[in-house]
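Residues per chain, in single letters:
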Amino acid sequence: MKIYLAQQNYHIGNFTANVAKIKEGIDAARGAGADLAVFSELCVCGYPPRDFLEFNDFIRQSYEALEELAAYAGDLGVLVGAPARNPQKAGKDLFNAAFLLHDGAIRAEVHKTLLPTYDVFDENRYFEPAFSWKCIDFNGHKLAVTICEDIWNLGDNPTYRETPMEHLIRERPDVLVNLSASPYNFAQDTVRRSIVEAHTVKYGLPMLYCNTVGSQTEIVFDGGSVVYDCNGQLVRELAFFKEDGALFDLDDLKKKAATPAVAHKYYYSAVEVGRDTDTLHYLTDEKNISEIHDALILGIRDYFGKMGFSKATLGASGGIDSAVVQALAVEALGKDAVHVLLLPSEYSTDHSVADAVKLSENLGNRHDIIPIAPVYHALLTSLKPIFGDRPFSVAEENLQSRTRGNLLMGLANKFGYILLNTSNKSELATGYGTLYGDMAGGLSVLGDLYKMQVFALARYINRNEEVIPNNVLVKPPSAELRPGQKDSDSLPDYEVLDRVLYQYIELRQGPREIIAQGFDESLVNRILRLVNMNEYKRAQFCPIIRVSAKAFGVGRRLPIVAKYLG
């Protein structure tokens, strides 16, 4: 039997586009001579649909799409993911399901058992876990079909009490098939291969794992679908960050090797990989940075494309963060789709303006210069009767940032642009940003990258030529809101700060564990206090493209009014 994996990019709730996309995959599979085509988790409606699942009309359209696809599939077997109604009154109304379409009808239905409810996942909110487990009989073969998380319950500390494969293996299947929507993070490809390999070694069966690709608001799906043979050997890994497809012969995948498979070290989470990786290495690793670059490009491109926007704006300060965002935006959208504003104040240095101009010249995008002094001083004049003779403080600094935010949003509103935010994760973690000022925006490009990663990304962008002026990479970071200001006046050095933040945010280490690694106690306590006391700012922030195992936003849910390490 020949099986085709179709790794595709879907659009949540866009049933017309998704059906057309799946039909393209069916055509490709049929043209390749496949007997069975495998698509990804919830591909019919897009993943994650979240509260759309609470609308009866959404479920109705999903079933109508299934009927259309079943009629189109003809004599080709097609495995697709879609929500399924639960006929029992007890429990949730829906299952997360895989459907086998064949000869014009739905021939089998498999329900997901393990419903992730952690990080960016909230499936237990919507779905009922499977009540039973049964292989699918197709074309003389038994298919052990699972859905994403169903294969992740391995290791010494399993998350769930059930393991679906332990039930399915009793029916002596011929092949393992997994429909997945597994989001990207810095270690996901390592974890994914580890999980699939572990199954093929444990059960002595081949596995075909079909992952989705594309960005859905803040979540990026990287593709990277894999096929392993029954000997635990990787046969093929599909492309990352783009659509792909490939045909596999089940007979070849089932051929036993003369020597048994060798057990490798298995990772079951990105946190485990993170603990095995030196923090500094992770924050600057070239492989991670190249993947992160591609994830951000896909995140920007899909956010704009699926939202129906075509042009972006941002504030170009001459600093590293805005320079990297600008370069990424031009690569993702094209130079004619990016219009930046240079908004110098009386505290801006000449070289910052010159660096920002040079960057726009290098990239070829439009730029305009609007000095903010007239607006800023008008605001000070209006506030003078209330401020009185109080000394210059953060209030005056933030007025400059909010002046810039107003001008950028004015441009965005006038011309239908999306404002790209340029704050990084180090700043968001410590509250080093101004609400309604430099924290304004429709999409955060760097909000899941620490400052050291931003520098590494800038160097990666410059890997072939000097796109970002070298002066931007070597000058001390500064908000330039008062004379001679540097980030180091308010924050620890980024090399230390980022390593502490990574331990606390990604690895969830407490102050004792972090201090035990050799970090200064007072510094650690100060940093962790800054993180916790600025939750209110992050709660008002825009969506962040997720590239780590623990991003701010939907994947990190902490109370605003709390007293922990504060």
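In this text the structure is predicted, and so the values were computed from the model without any measurement. (Residues numbered from 1 in each chain as written. Predicted model: local features only at pLDDT ≥ 70, side-chain atom pairs only at ≥ 80, totals over all residues. Heavy atoms only, no water.)

### Observations regarding the packing of aromatic side chains
Step number 1: All told, the structure shown has 12 aromatic pairs when counted by the stated rule.
Step number 2: Considering the side-chain rings of Tyr118 and Phe121, the 5.5 Å spacing of their centres and the 70° angle between planes classify their relative orientation as edge-to-face.
Step number 3: Residue Phe121 is classed as buried on the basis of its relative accessible area, which comes to 13%.
Step number 4: Chaining the aromatic ring pairs together yields one cluster made of Phe15, Phe52 and Phe58.
Step number 5: The positively charged end of Lys425 is found above the aromatic ring belonging to Phe552, 5.8 Å away from the centroid.
Step number 6: Its end group placed over the ring of Phe552, Arg538 keeps NZ or CZ at 4.6 Å from the ring centre. (Phe/Tyr/Trp six-rings, centres within 6.5 Å; stacked < 30°, edge-to-face > 60°. Buried < 20%, exposed > 50% of the residue type's maximum accessible area, 1.4 Å probe, protein only. Lys NZ or Arg CZ within 6 Å of the ring centre and 35° of its normal.)

### Brief notes about the UniProt feature "binding site: L-glutamine" (unreviewed entry) in the protein
Step number 1: Under the UniProt annotation, "binding site: L-glutamine" (unreviewed entry) lies at Tyr118 and Ser182. In terms of the greatest pairwise C-alpha distance, the residues named above, spread along 65 residues, form a tight cluster of at most 13.2 Å across.
Step number 2: The topology assignment puts Tyr118 in the loop between β5 (105-111) and β6 (136-138).
Step number 3: Not counting the four nearest positions on each side in its chain, Tyr118 is found in contact with Glu149 and Tyr160. (UniProt positions renumbered as here; feature names shortened; annotations may be inferred. Helix = DSSP H or I, 4+ residues; strand = E, 2+ residues; numbered from the N terminus. Contact = heavy atoms within 4.5 Å.)

### Description of the packing of helix α8 (residues 286-307) against helix α9 (residues 320-333)
Step number 1: Running from N to C, α8 and α9 cross one another at 60°; their axes reach a closest spacing of 9 Å. Considered as vectors, α8 and α9 are oriented oblique to each other. Of the two possible hands of crossing, α8 and α9 adopt the one that is right-handed. Counted together, His293, Leu296, Ile297, Ile300, Arg301 and Phe304 of α8 and Leu328, Ala329, Glu331, Ala332 and Leu333 of α9 form the full contact between these two elements.
Step number 2: Counted by class, the contact of α8 with α9 contains 8 nonpolar, 1 polar and 2 charged residues. (Axes fitted to C-alpha atoms, helices over the stretch in contact; angles between N-to-C directions. Parallel < 35°, antiparallel > 145°, perpendicular 65-115°, else oblique. Left-handed = near helix turned anticlockwise from the far one by under 90°. Nonpolar A, V, L, I, M, F, W, Y, C, P; charged D, E, K, R; others polar.)

### Observations regarding the environment of Asn18
Step number 1: Along the chain, Asn18 falls in helix α1 (residues 15-31).
Step number 2: Considering only alpha carbons, one finds Asn18 and Gln8, 10 residues apart in sequence, at a separation of 9.3 Å.
Step number 3: If sequence neighbours within four positions are ignored, Asn18 has contacts with Tyr10, His11, Cys43, Val44, Cys45 and Gly46.

### Description of the nonpolar core
In summary, soluble globular proteins display a tendency toward joint burial of nonpolar side chains.
Step number 1: Core analysis: the biggest nonpolar cluster contains 55 residues, and Phe186 and Leu501 have the highest contact counts within it.
Step number 2: When residues of this core are assigned to domains, at least three fall in each of domain 1 (2-255) and domain 2 (279-539).
Step number 3: Excluding anything up to four places from it in sequence, Leu501 contacts Ser426, Ala429, Tyr450, Glu506, Ile527 and Val531.
Step number 4: Formed by 51 residues, the second largest nonpolar core is a distinct cluster that contains Leu314, Ala327, Phe455 and Leu473. (Core = buried A, V, L, I, M, F, W, Y, C linked by side-chain atoms within 4.5 Å. Domains from an automatic or database assignment.)

### Things to note about the sheet that holds strand β1 (residues 2-7)
Step number 1: The strand order across the open sheet formed by 6 strands is β5-β4-β3-β2-β1-β14, and the pairing between neighbours is mixed. The open sheet has two free edges, formed respectively by β5 and β14 (244-249), since each of these has just one partner strand. Taken pair by pair, the neighbouring strands of this sheet meet at an average axis angle of 30°, ignoring direction.
Step number 2: Of the strand pairs in this sheet, strand β2 (residues 36-38) and strand β3 (residues 77-85) are connected by 3 bridges, and their pairing is parallel. Paired with Val38 across the bridge in β3 is Leu79.
Step number 3: α1 contacts β1, β2 and β3 of the sheet and is inclined by roughly 150° relative to β1.
Step number 4: Of the strands in this sheet, β3, β4 (94-102) and β5 are in contact with helix α2 (residues 56-73), which crosses β3 at around 165°. (Pairing = 2+ DSSP bridges.)

### With respect to the UniProt feature "active site" (unreviewed entry) in the protein
Step number 1: As annotated in UniProt, the feature "active site" (unreviewed entry) corresponds to Glu41, Lys112 and Cys148 in the numbering used here. In summary, the annotated positions, though distributed over 108 residues, converge in three dimensions, the widest C-alpha pair being only 9.9 Å.
Step number 2: Considering the arrangement of structural elements, one finds Lys112 in the loop between β5 and β6.
Step number 3: We classify Lys112 as buried; its relative accessible area is 1%.
Step number 4: Beyond its immediate chain neighbours, meaning those up to four positions away, Lys112 contacts Glu41, Asn96, Glu123, Glu128, Pro129, Ala130, Ile147, Cys148, Glu149 and Asp150.
Step number 5: At 2.7 Å, the side chain of Lys112 and the side chain of Glu41 are in polar contact.
Step number 6: Mapped onto the elements of the fold, Cys148 is located in the loop between β7 (141-147) and α3 (164-168).
Step number 7: The contacts of Cys148, once residues within four sequence positions are left out, are Glu41, Lys112, Asn178, Leu179, Ser180, Ala181 and Ser182. (Polar contact = N/O pair within 3.5 Å; in protein donor to acceptor, adjacent residues only side chain to side chain.)

### Looking at the pairing of strand β8 (residues 175-180)
Step number 1: Burial analysis of β8 places 6 of its 6 residues in the buried class, the great majority of the element.
Step number 2: Taking every second residue as pointing to the same face, both faces of β8 are buried, with Val175, Val177 and Leu179 on one and Leu176, Asn178 and Ser180 on the other.
Step number 3: In terms of strand pairing, β7 meets β8 through 5 bridges, oriented parallel. From the neighbouring strand, Ile147 faces β8, where its bridge partner is Leu179.
Step number 4: Sheet topology note: the β8/strand β9 (residues 207-211) ladder contains 5 bridges and is parallel.

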